[in-house]
Amino acid sequence: MALEDIFSRVKQASKRLGLMTDADRNKILSEVADAIERNTDKLLVSNCKDLARMAEDNPMYDRLRLTDARLKDIADAMRQVSQLPSPLGHVQKHRVLENGMDLKRVSVPFGVIGVVFEARPNVCFDVFALCLKSGNACILKCGKDAIDSCLAAVDLIHDVLRKAGVDPDIVALLPATHEATGALLCATGYVDLCIPRGGKRLIEFVRDTAKVPVIETGAGVVHCYFDKEGDVAIGRDIIFNAKTRRPSVCNALDCLLVHADRLEDLPALCRPMADKNVKLHADERAMAVLKGQYPEELLVKADDDDTWQTEWLSFQMGVKTVDSVDEAIAHIDRYGSGHSESIVTEDMESARKFQSLVDAACVYLNTPTSFTDGGQFGLGAEIGISTQKLGARGPMALEEMTTYKWLIEGHGQTRP
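Residues numbered from 1 in each chain as written. Predicted model: local features only at pLDDT ≥ 70, side-chain atom pairs only at ≥ 80, totals over all residues. Heavy atoms only, no water.

1. Things to note about the layout of surface pockets
Where empty space is left in the structure can be found by rolling a water-sized probe over the atoms.
For step 1, the next point in the chain: Quantified by volume, the largest pocket comes out at close to 1,100 Å³.
For step 2, the next point in the chain: Every residue lining the largest pocket is counted, 32 residues in all, and those nearest its centre are Glu 118, Gly 199, Lys 200, Arg 201 and Leu 202.
For step 3, the next point in the chain: Looking at the lining of the largest pocket, the elements with two or more residues in it are strand 3 (112–117), helix 8 (178–185), helix 9 (200–209) and helix 14 (325–335).
For step 4, the next point in the chain: Among the elements that take part in the lining of the largest pocket, helix 9 stands out by supplying 7 residues, more than any other.
For step 5, the next point in the chain: The residue makeup of the lining of the largest pocket, split by class, is 12 nonpolar, 9 polar and 11 charged.
For step 6, the next point in the chain: Computed from the structure, the second largest pocket encloses a volume of approximately 860 Å³.
For step 7, the next point in the chain: Looking at the second largest pocket, it is lined by 32 residues, and the ones nearest its centre are Arg 120, Asn 122, Arg 245, Arg 246 and Asp 373.
For step 8, the next point in the chain: For the lining of the second largest pocket, the secondary-structure elements that each account for two or more residues are helix 5 (68–83), helix 6 (122–133) and strand 14 (384–386).
For step 9, the next point in the chain: When residues in the lining of the second largest pocket are grouped by element, the largest group, 6 residues, is from helix 5.
For step 10, the next point in the chain: For the lining of the second largest pocket, the residue count by class is 7 nonpolar, 12 polar and 13 charged. (1 Å grid on protein atoms, 1.4 Å probe; cavity = no way out; pocket = protein on both sides within 12 Å on 5 of 7 lines; lining within 4 Å. Points joined across faces, edges and corners; volume = space filled by probe spheres on them. Helix = DSSP H or I, 4+ residues; strand = E, 2+ residues; numbered from the N terminus. Nonpolar A, V, L, I, M, F, W, Y, C, P; charged D, E, K, R; others polar.)

2. Points about the pairing of strand 2 (residues 102–109)
For step 1, the next point in the chain: With 6 of its 8 residues buried, strand 2 lies for the most part within the structure.
For step 2, the next point in the chain: Examined bridge by bridge, strand 1 (residues 91–96) and strand 2 share 5 bridges and lie antiparallel to one another. Among the inter-strand pairings, Val 96 is bridged to a residue of strand 2, identified as Asp 102.
For step 3, the next point in the chain: Once strand 1 ends, the chain turns through 5 residues before running back antiparallel as strand 2, passing Gly 100 with a positive phi of about 95°.
For step 4, the next point in the chain: The pairing of strand 2 with strand 16 (residues 402–409) spans 8 bridges and is antiparallel. The residue of strand 16 that forms the bridge with Val 108 is Thr 403. (Buried < 20%, exposed > 50% of the residue type's maximum accessible area, 1.4 Å probe, protein only. Pairing = 2+ DSSP bridges.)

3. Some details on unusual backbone geometry
For step 1, the next point in the chain: Although it is not a glycine, Asn 277 adopts a positive phi angle of roughly 60°.
For step 2, the next point in the chain: Mapped onto the elements of the fold, Asn 277 is located in the loop between helix 11 (266–274) and strand 9 (279–282).
For step 3, the next point in the chain: At Asn 366, a residue that is not glycine, the phi angle is positive and equals roughly 55°.
For step 4, the next point in the chain: Along the polypeptide, Asn 366 turns up in the loop between strand 13 (362–365) and strand 14.

4. A closer look at a nonpolar patch on the surface
For step 1, the next point in the chain: A cluster of nonpolar side chains, Tyr 404, Trp 406 and Ile 408, forms an exposed patch at the surface whose accessible area comes to about 310 Å².
For step 2, the next point in the chain: In this structure, Tyr 404 sits in strand 16.
For step 3, the next point in the chain: Tyr 404 sits in the partly exposed class, given a relative accessible area of 41%. (Patch = residues over 30% accessible without salt bridge, like charges linked within 9 Å, V, L, I, M, F, W, Y side chains within 5 Å. Areas by Shrake-Rupley, 256 points an atom, 1.4 Å probe, with all protein chains shown as cover. Salt bridge = Lys/Arg side-chain N within 4 Å of Asp/Glu carboxyl O.)

5. Examining the pattern of salt bridges
For step 1, the next point in the chain: Counted according to the given criterion, the structure contains 26 salt bridges.
For step 2, the next point in the chain: Residue Arg 70 pairs with Asp 62 through a salt bridge whose shortest N-O separation is 2.8 Å.
For step 3, the next point in the chain: Its salt-bridge partner being Asp 359, residue Lys 389 comes within 2.9 Å of it at the nearest N-O pair. Placement of Lys 389 in the loop between strand 14 and strand 15 (394–396) and of Asp 359 in the loop between helix 15 (348–357) and strand 13 is noted, with a sequence separation of 30 residues between them.
For step 4, the next point in the chain: Residue Asp 359 is classed as partly exposed on the basis of its relative accessible area, which comes to 39%.
For step 5, the next point in the chain: Several salt bridges converge on common partners, so that one network encompasses Asp 34, Glu 37, Lys 72, Asp 76 and Arg 79.

And the structure:
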């Protein structure tokens, strides 16, 4: 089918979504969740085809990989979305003018949302759940690395929709080609919003190419600053969790900033990561302290800007010495991506300064950045983490999948 025909069919299908009730949407989401659990083996077989084409040491391998547990989590997240209140029809503003006209601003769907992503097959289910619940149709464009997994996921969703008597064109998967990406980004009149989920290069390409509106998500160069008044036990656990829980995701820690007065505690802060073979790219002062206290084969001299601006997506991390909270903030201001940042300190003055001046969607105190996630925030599944300021910022869930329109009622009033 020609790409424009796909866009047209999804656009037409999106108009019929408005006739569905929230109960109808919830029932379909529950049925898709059940189907995921019934068809786990089939989904894993398709995923294995994708995995077989990727080297295991590729940072994207973990993102691509599905497991029984991950599919169970996906199904549970879909059920959680089904139980959330509908984001549609909320009266955001209401006023009656002196002439008696009644004005309401109410939440409505965007219409058709396009999502461009890389090797993350779970995105198919997350995007579908959030779009259906918020009354939107969706067009999915994955990378070739995940095509077999995504085909299986969308086939499963289509099967449930057909059985429910719902037009399966409310969700479409495009071919894994550059041509399809370009067409989606320029599908004016068909696509109301495009959201990229992936690395820096993908996001920049979408932003620079798109003719349809874009919300940027994803790339995270994430820092944790261990302050002069930081607690070592708390800092050690936060750093370990933020770096090693799942290093291939965008909220994983990329750079540890440590106050110069606490360099003697750096080996203790980093020691647990040696068990995970985390390679540390340390500056000169940090390197001097870590030598002999951390495995030599896991220590690398920091390569200045290349180190500090890298989103590692693997068991690697920068370590930078700073002389004050102000220097830590300045470093983040220069190299951060506006995603998630954290400070470890018992000094509330430093904490307030850090949280006030650090320009990021999520700023943590004595907590790891690994919590930047729609599910962890109680929002259900997420469509991505927005790093921009206009519109959505941070985890994008149901509320962020809606726009609004004004409803005006009168009785013959005319404007003088």
